[in-house]
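An overview of the molecular structure
Listed below, chain by chain, are the residues.
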Amino acid sequence: MSGNANENRKALSIGDDYAARYGFSDPEAYFLKAKPGLDHEVVEMISRLKQEPDWMRRVRHEALDVFLAKPMPRWGDSALLDGIRFDSIHYYIRPVEKTGRTWEEVPEGIKRTFDRLGIPEAERKFLAGVSAQYESEVVYHSMRESLARKGVVFLDMDSGLREHPDLVRKHFGTVIPAADNKFAALNTAAWSGGSFIYVPPGVDVGIPLQAYFRINAERMGQFERTLIVADQGSRVHYIEGCTAPVYSSDSLHAAVVELVALEGAYIRYTTIQNWSKNVFNLVTKRAAAHRGATVEWVDGNLGSKLTMKFPCVVLLGEGAKAEVLSVAFAGRDQHQDTGAKVIHAAPRTSSRITSKSISKDGGRASYRGLVKVLPRAVGCKASVECDALLLDPASRSDTYPTMEIAESDVRIEHEARVSKVSEEQLFYLRSRGLSEDAARLLIVNGFIEAFTKELPMEYAVELNRLVELEMEGSVG
Amino acid sequence: MTIATDADLLAAAVRVGDVHDEPAWLRGLRARAAELHAATPLPSRAVHLWRFTPPETFEIDVSPLGRAAPPAPGGDPDWPAPVAAAWSRGALDGAAWLRGPGVARADLGPDAARAGVVLAGLREAAARHTGLVQPYLAALAGPEEGRFEALNTAAWEGGLFLFVPGGVRLAAPVHLLREALPGSAAAVTRLLLVVEEGAAVTVVDEAFSGADGPAVVSAAVELVARAGADVRVVSVQRYGAGVTAFESRRAAVAADARLLHVQASLGAGCFKMVHGVALAGRGAEARFTGVAVADAARVLDHHTAHEHEAPDTRSDLHLRVVLRDRARSIYTGLIRVDGGAVNADAYQENRNLLLDPSARVESIPELEILTDAVRCTHGATMGPVDPEQVHYLMARGLPREDAVRLIVAGFVEPALARMPEDVRGRLREVLDGRLGLGVGDRTLGAEEGGGEEMV
């Protein structure tokens, strides 16, 4: 049927592949590029360049010592992790002298990059504020006037530290201390850029705030640091997207994201990670949810060589809620080691984790999760549901959930399923005239629908296109 | 307590070989295992299997091993009353009693003996049936498996061997008693069960301690189920509270063979079991259905690993755990489906009932799936006795205690329902006694003459 043939061509033609859409790179014309490797000298340089207060300088140096002292994790994909060449990475690259406030101020080359990625367009259409980070620094930043008048702060992290030093100092590193893990220590020592958001009590930031992260240089380390504080009864939705060019040598992205949801606050944090397949994506994300607060992580992982990311919510106050919804797509030479962690530290807290993974062309998707209930956290409810879809015999799916329960008055449920695209489903769709490619795509889209429907429409469309791209030529 | 140094272990291995005048190949195996032990560190707590119970807990003082003279030949001791009663009813095809380091007694029924079944001490079998023992001994739970298996292979003192020839289908169970003797030599014991092509057998494997007191037990159980074999193992662990026990159970299930493992973990102060099954041949099937009950700060740590190595293999696991009074349960389970194991079907379920807030439970059910043509599902739940159910039953006139007892019985019932009927009835009675909620000292009572033998 011609209509389906058309569909099919469309599905195939979308894929000039990642290289054409996101994988391009610009010539490196940087204001400043640190020597490769990380030592106290580089840390000192970063801190001086940023003219930071002394306490932050000390935090960085102490964190560097922790990073150097901590061994590499011995769990997870050690074979891949051990391939990181810490000494060859550039830990700091400053592309421009200062952050642009209007789009015109952004240097032409970088502007072209974000134009190609569709950032200003997205901003005009539906965002309340946007931040664009290129290498180590935020190059463009804007926010709607109306929000600024309500006292909402949306800045890059460096400006946040300059303009709101007390707020930053009060919360920085409280949810994720430097010693939490090796990569959190690395980030704390070398952080640059990222977002700082403060939402005053009772303020509802109706439309999403967005940040876009771009690595351009080869062997670059990007260590953005994001801190979101939602004061009592406020609401905010933050979205981040990430891409990088395709190089033959690997880059490292080790972000730290801390969320503080004070009493009754609501934070949703949406990520669409689409790094190129030479990026190590080792991210620590954790939220503290106080009494009656709700934190939601919506996390989509398509790119990178190895992602290790387990968004966490610590339910600190009575009645707090956590929801983690994630999708991972592991293609050739990719390991998506993702999952979620919830610590129930207060009574009557509840959590729900829904994880979907798809493995294809020998890719490996792992769910690694933790549900922990501390003593006296009575009346807690937690449910975990993991679904894995394997698209061919060469691919792999793992499920590593951990449940540690130290209280009897709780309800904990965990379920996981691993399956392939069923022949019956395929047969049914093909009998309705769909090509095998189109049928598989439809099944995969249906499989992750619970996730896509939580995204703003533009993102849902983008995600579907990315999945189409990944699914291309999946038959055969 | 003195922990074995590597030199201690080698010396113990040599001593055991000398004192029992063992064949050279067996001494060689012991020496090799002692060497591997020296080269194998204690398990790392970074791996899930060892995350919750410290490995040092199971380190054994090997200095008393090989000190006892071989038992003087004498009259057989009387069977414990329940076993004796079963014999007299003709309800057993065999029974063997491992008491501390020595075999107290091993008897076969007339049918089994005629059919060529072998039931003997492992050491005696190694000498007399070398061809049946040597190829299998330490092949599954051998020194390569880890430090504890290496120690066991080097220094086991007491052991039992069961061999069921091809095509022989035993109608009645073979009952194995493994008795730890607290206060005496460390108990390092080993079972080897070989079931040949198309043979069928039910083995009751009952581990207990004859007296109160502290003891550290290391046990290794190897089971070879050849093609088309049909094996049921009913494993009952009811050690006293002073016992710390590590048990490594490994099974290889060949093409079209079936293994049903029934686990009842009822005793010990600290018990860790590793239950590894290799589904090695096309069409192999392994089912595991277990009940664990603990109170009084006891720790029960179960690890299962089902390796689907061949196409069309099936595994199915249900473990139900009831805890109260500071008791702790750890369950870690792995289903692994290898690349070539197409059409594997695996299920794993761990449910936990916490009767009071001082109980703790950890559950890590894991899946590693390396091919797409599979169906794998697992689930885990933890929760208290549902107050609504209690209320409902109390509204119908039941005292609270009876209501809770009924709900707990209902909780373990699905695991019991998967057991063979004969086992189910006996185990239900035992559990009634325990769940009634003194997981106390009412025992299966082989040695107590309480008329409570298994099966």
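Residues numbered from 1 in each chain as written. Chains lettered and ligands numbered in written order. Predicted model: local features only at pLDDT ≥ 70, side-chain atom pairs only at ≥ 80, totals over all residues. Heavy atoms only, no water.

1. Section: the overall build of chain A
When you go through chain A residue by residue, the secondary structure sums to 15 helices and 24 strands. Taking all 476 residues of chain A together, 64% fall into the buried category. When the accessible surface of chain A is totalled, it reaches about 17500 Å², and 50% of it is carbon and sulfur. (Helix = DSSP H or I, 4+ residues; strand = E, 2+ residues; numbered from the N terminus. Buried < 20%, exposed > 50% of the residue type's maximum accessible area, 1.4 Å probe, protein only. Areas by Shrake-Rupley, 256 points an atom, 1.4 Å probe, with all protein chains shown as cover.)

2. Overview of the overall build of chain B
Along its length, chain B carries ten helices and 19 strands. Relative to its length of 455 residues, chain B is compact, with a C-alpha radius of gyration of 21 Å against a globular reference of 23 Å. Projected onto its principal axes, the C-alpha coordinates of chain B cover approximately 70 × 50 × 45 Å. Taking contacts inside chain B between residues at least 6 apart in sequence as the whole, the part at least 24 apart equals 82%. Of the roughly 15500 Å² of accessible surface on chain B, 52% is carried by carbon and sulfur atoms. (Rg over C-alpha atoms; globule rule 2.2 N^0.38 Å. Contact = heavy atoms within 4.5 Å.)

3. Looking at the packing of helix 1 (residues 6-19) of chain B against helix 2 (residues 24-39) of chain B
Residues and elements named next belong to chain B. Look at helix 1 against helix 2: their axes get within 9 Å of each other, and the N-to-C directions meet at 170°. Considered as vectors, helix 1 and helix 2 are oriented roughly antiparallel to each other. Counted together, Asp6, Leu9, Leu10, Ala13, Val16, Gly17 and Asp18 of helix 1 and Arg27, Arg30, Ala31, Ala34, His37 and Ala38 of helix 2 form the full contact between these two elements. The residue makeup of the contact of helix 1 with helix 2, split by class, is seven nonpolar, two polar and four charged. (Axes fitted to C-alpha atoms, helices over the stretch in contact; angles between N-to-C directions. Parallel < 35°, antiparallel > 145°, perpendicular 65-115°, else oblique. Nonpolar A, V, L, I, M, F, W, Y, C, P; charged D, E, K, R; others polar.)

4. Details of the interface of chain A and chain B
Every contact between the two is made by 30 residues of chain A and, on the other side, 35 residues of chain B. Roughly 2600 Å² is buried in total at the junction of chain A and chain B, and carbon and sulfur atoms are behind 52% of that figure. On the chain A side of the interface with chain B, the three residues burying the most area are Met403, Ser408 and Val418 of chain A, jointly 19% of the side's total. On the surface where chain A and chain B come into contact, there are two salt bridges. (Buried area = accessible area lost by both parts, 1.4 Å probe. Salt bridge = Lys/Arg side-chain N within 4 Å of Asp/Glu carboxyl O.)

5. What to know about the state of the cysteines
All names here are of chain A. All told, the structure shown has zero disulfides over all chains when counted by the stated rule. Counting only cysteine sulfurs, cysteine 380 is the nearest neighbor of cysteine 312, a cysteine outside any disulfide, at a range of 14 Å. On the basis of relative accessibility, which here comes to 3%, the residue cysteine 312 falls in the buried class. (Disulfide = S-S within 2.5 Å.)

6. Focus: the pairing of strand 13 (residues 285-294) of chain B
All names here are of chain B. For strand 13, a buried count of nine out of ten residues is recorded, marking the element as mostly surrounded by other parts of the structure. Strand direction decides the pairing type here: strand 11 (residues 258-265) and strand 13, joined by eight bridges, are parallel. Across the sheet, residue arginine 258 finds its bridge partner in strand 13, namely glutamate 285. (Pairing = 2+ DSSP bridges.)

7. Quick word on the environment of alanine 403 of chain B
Tracing the backbone shows alanine 403 of chain B in helix 9 (residues 400-417). In this structure the C-alpha to C-alpha distance between alanine 403 of chain B and tyrosine 392 of chain B, which are eleven residues apart in sequence, comes to 8.8 Å.

8. Focus: the domain arrangement of chain B
You can read the domains of chain B as domain 1 (6-280) and domain 2 (386-455). One C-alpha centre belongs to domain 1 of chain B, the other to domain 2 of chain B, and the line joining them spans 29 Å. (Domains from an automatic or database assignment.)

9. Some points on helix 3 (residues 81-89) of chain B
All names here are of chain B. For helix 3, the complete set of buried residues consists of Pro82, Val83 and Ala86. Seen end-on, helix 3 carries its buried residues on one side only, within an arc spanning 100°. For helix 3, the elements touching its buried residues are strand 1 (94-99) and strand 5 (174-180). Following helix 3 by one or two positions, glycine 90 adopts a phi angle in the positive range, close to 75°. (Arc of directions from axis to C-beta.)

10. What to know about the nonpolar core
Counting 96 residues, the largest nonpolar core has Tyr238, Leu259, Trp297 and Ile412 of chain A as the members making the most contacts within it. Looking at which element gives the most residues to this core, the answer is strand 22 (residues 380-390) of chain A, with six residues. Each residue touching tryptophan 297 of chain A, except ones within four places of it in the same chain, is listed here: Val257, Leu259, Tyr269, Lys285, Arg286, Ala287, Pro311, Cys312, Val313, Glu323, Val324 and Leu325 of chain A. Residues Val62, Ala154, Leu192 and Val194 of chain B belong to the second largest nonpolar core, which totals 33 residues. (Core = buried A, V, L, I, M, F, W, Y, C linked by side-chain atoms within 4.5 Å.)

11. Describing the confidence of the model for chain A
For chain A, the mean per-residue pLDDT works out to 85, and 86% of the residues sit at or above 70. With pLDDT under 50 throughout, residues 1-16 of chain A is counted as low confidence; its partners more than four residues away or in other chains account for 18 contacts. (pLDDT = per-residue confidence, 0-100.)

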